[in-house]
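Chain by chain, the residues run as shown.
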Amino acid sequence: MKIFCLAASVAALAIAAPSSGRDLPVVDSTTRPGDAFYQYVNGAWLKGTEIPADRSSMSDGAVLSEQADRRTREIIQQTAQDRNSTADARKIADFYNAFMDEASIEKLGLGPLDTRLREIAAIRDRKTLSRVLGGQLRADVDALNNTEFYTGNLFGLWVAQDLDDPTRYAPFLMQGGLGMPDRDYYLDDAPATTAIRAKYTPHLAKVLTLANIKDADAKAKRIFDLEKRMAAVHATRADSNDVTKANNHWSRKDFDSKAPGLDWQEFFAAAGLGGQSTFIVWHPGAVTGLSALVASQPLETWKDYLTVRLIERASTYLPKAFVDERFEFYSKTLSGTPKPRDRWKRGIAATNVALGDAVGKLYAARYFTPAEKARAEAMVHNLIAAFSRRIDQLAWMQPETKARAKAKLAVLKIGVGYPDHWIDYSSLVIRSDDAFGNAQRAELFETQRNLAKLGKPVDRSEWVMTPQTVNAVNLPVMNAMNFPAAILQPPYFDPKRPAVMDYGATGATIGHEISHSFDDQGAQFDATGKLHNWWQPQDFAHFKEASQKLAKQYDQYRPFPDLALNGQQVLSENIADRAGLAVTYDAWRLSLNGKVAPVVDGFSGDQQFFMSFVQSWRTKEREAALRQQVIIDGHAPAEYRADTVRNLDAWYEAFGVKPGEKLYLAPDQRVRIW
Ligand SMILES: [Zn+2]
């Protein structure tokens, strides 16, 4: 469970690096804090900020991502010139340079896809189709850590701890296969969604035409029809969140009886999972439904579908015409972004995906000082201590449940800045003249690296984010957390300003991640990571009731007249926000040791705390991107996340918020969970 949605962690364009020492914002004095606190704190910024043309949104996280990209480019350029650079550094440079060599990519055309296109053309029956589908399975999804539910392949693989036995790894199978980001894009009839859908079939036809495939329009229609059938059997995004619906252990034989259609023998053999006897099927309805489509839909449609999916997945590494068409649909139509990102930024992003740890090792050594690592670790420990005190003080919780919650808190494995050990890329072949081949081999390397974990002891020190990622994450089954170097930077974390500002921003992020261990999903895992109810029944009932109140609070928010938030879909993140903010507030108060915080610019310490929190959420987002976030993301849009201040009594006192003001909640309506 990470802190940001996808949009905030994409690289930015031409934004100056953030300056150190930022403190309080210029407030919008025409707005009452109790009516619109986000506007009150961020009004001046919202008015003065434009979203760069190559972006779908703008935020402090975007500025930091931009900074991380520029630093990464410097690292790549310097290592490329260094004759004595390490094997990893050479791989980074070769990968990046191959991606940047547009002339060669143009000359090769679709040549790099030849082998795979021939493989699809040679499909002659369900058996060979199943083999091709199995050969495409990649470790490209992650249900509980990075919460990545999308794959364009028919299924996605996640290798993680078995929810019933966290001492061993298990392969998780998840739904996939759609070209658009979620089932709602195929099935929902809201006008904005219908308008996007209308552009999708022409996009597919264009891709086929660019690849010189005949009869493109008719084929595109049939491909859309197949994907729509897939969407109809897909689980919703809210259901994907529900771990109790996901913990389905299937034996190898169960697939034949519960999900007939696909030749599972061929599929698993081609996927490198032929020897595996049990799986966890996250989306059982979809696995059954998608497998049935393999049998019921015409072979020729499957072949056209696989061709289009292959080209789409490869398009980042193909000639400009394919890159442009991908941009037109996925960035312009789906996210409202007017202009593509510069190629070098796409090159950095691709290098980070392929060789993230190799880049991260160089990045962390250069940009994260031991002093900042120590300062961040101290803050994490403060927050854990504050959480522990909160557990002690919960009036509604029985001592037995408290003891179990504290046991869970005690085992949390905290990672700050960068991991203790790094991925070994020595078996990955990277060539300076093979952009697409490099990406393919890197995907396969990552999949094999994950498959190799099966049967080995669980490594709780493994990270799921790179140090150069502007984000943070809780791994609820591992009972571990990663706080990458790139988010522990000004303006979120800054040694040159009053501590209260850091508590409001980074403290809240740390508190958020700790709280994920105790959100509606995290709270179902015990201290060992086992999915198992460790609560006294009356305590769990209280917890569920309070959670439902929070889900209802978020159901009320409507970014657009025709689109409301789904409180259940964003519940885990909102519990983490609500609890994390309360915990960091406590930790900050404790850090004062009974002293009164200094007044700055006329604002009290408490006011500064809440202003820093809400300032850290300032975000501008294009309409299409905001709609996409509401549909597919587990995180509510930034403004509504910031609005969780209305659940804290201290906020009412700090700003004198009164009944009748728009954000006001009567004390019994404020959600109190942890
Ligand atoms: Zn989160």
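These lines cover the structure that appears in this document, whether it is placed above or below.

## A few points about the packing of aromatic side chains
Point 1. A complete count under the given rule lists 46 aromatic pairs for this structure.
Point 2. Centroid distance Tyr363 to Tyr367: 5.2 Å. Interplanar angle 50 degrees. Geometry classified as tilted. Residue Tyr363 and its partner Tyr367 are both found in helix H17 (residues 343-367); the two are separated by 4 residues, about one turn of the helix.
Point 3. With a centroid separation of 5.4 Å and an interplanar angle of 70 degrees, the aromatic rings of Tyr585 and Phe609 are classed as edge-to-face. Highlighted residues: Tyr585 in helix H23 (residues 571-591) and Phe609 in helix H24 (residues 605-615), separated in sequence by 24 residues. The burial state of Tyr585 is the same as that of Phe609; both residues are buried.

## Description of the sheet that holds strand E6 (residues 413-417)
Point 1. The 3 strands are arranged E6-E8-E7 in an open sheet whose pairing can be described as mixed. Because the sheet does not close on itself, it has two edges, and the strands there are E6 and strand E7 (473-475). Adjacent strand axes in the sheet meet at a mean angle of 15 degrees, parallel and antiparallel pairs treated alike.
Point 2. Sheet topology places E7 next to strand E8 (residues 480-484); 3 bridges connect them, and they run antiparallel.

## A few points about the sheet that holds strand E4 (residues 249-251)
Within a sheet, each strand pairs with its neighbour through backbone hydrogen bonds, oriented either parallel or antiparallel.
Point 1. In space, the 4 strands of this open sheet follow the order E2-E3-E5-E4, with mixed pairing throughout. Edge positions in the sheet fall to strand E2 (155-161) and E4, since each of these pairs with one other strand and no more. Here the average twist between neighbouring strands, direction ignored, is 35 degrees.
Point 2. Note that E2 and strand E3 (residues 169-175) share 7 bridges and pair antiparallel. Residue pairing for E3: Leu157 is matched across the bridge by Leu173.
Point 3. Each of E2, E3, E4 and strand E5 (278-281) touches helix H14 (residues 284-296); the most contacted strand, E4, lies at about 40 degrees to it.

Parameters and conventions
- Every chain begins its residue count from 1, and numbering advances along the sequence as written.
- In keeping with the model being predicted, local features are shown solely for residues with a pLDDT of at least 70 and side-chain atom pairs are shown and tallied solely at 80 or more, while totals for entire chains, interfaces and linings include all residues.
- Note: side-chain values were computed over all heavy atoms of the structure, leaving out hydrogens and water.
- The pairing test for Phe, Tyr and Trp rings, Trp by its six-membered ring, is centres within 6.5 Å, and the orientation test on the planes gives stacked under 30 degrees, edge-to-face over 60, and tilted for anything in between.
- Helical segments are the DSSP runs of H or I of at least four residues, strand segments are the runs of E of at least two, and each set is numbered from the N terminus.
- Residue exposure (1.4 Å probe, protein chains only): buried if accessible area is under 20% of the type maximum, exposed if over 50%, otherwise partly exposed.
- At least two DSSP bridges between two strands are needed for those strands to be called paired.
- Only C-alpha atoms enter the line fits that serve as axes; for helices the fit covers just the stretch in contact. Angles between N-to-C directions range over 0 to 180 degrees.
- Here a residue-residue contact requires only that any non-hydrogen atoms of the pair lie within 4.5 Å.

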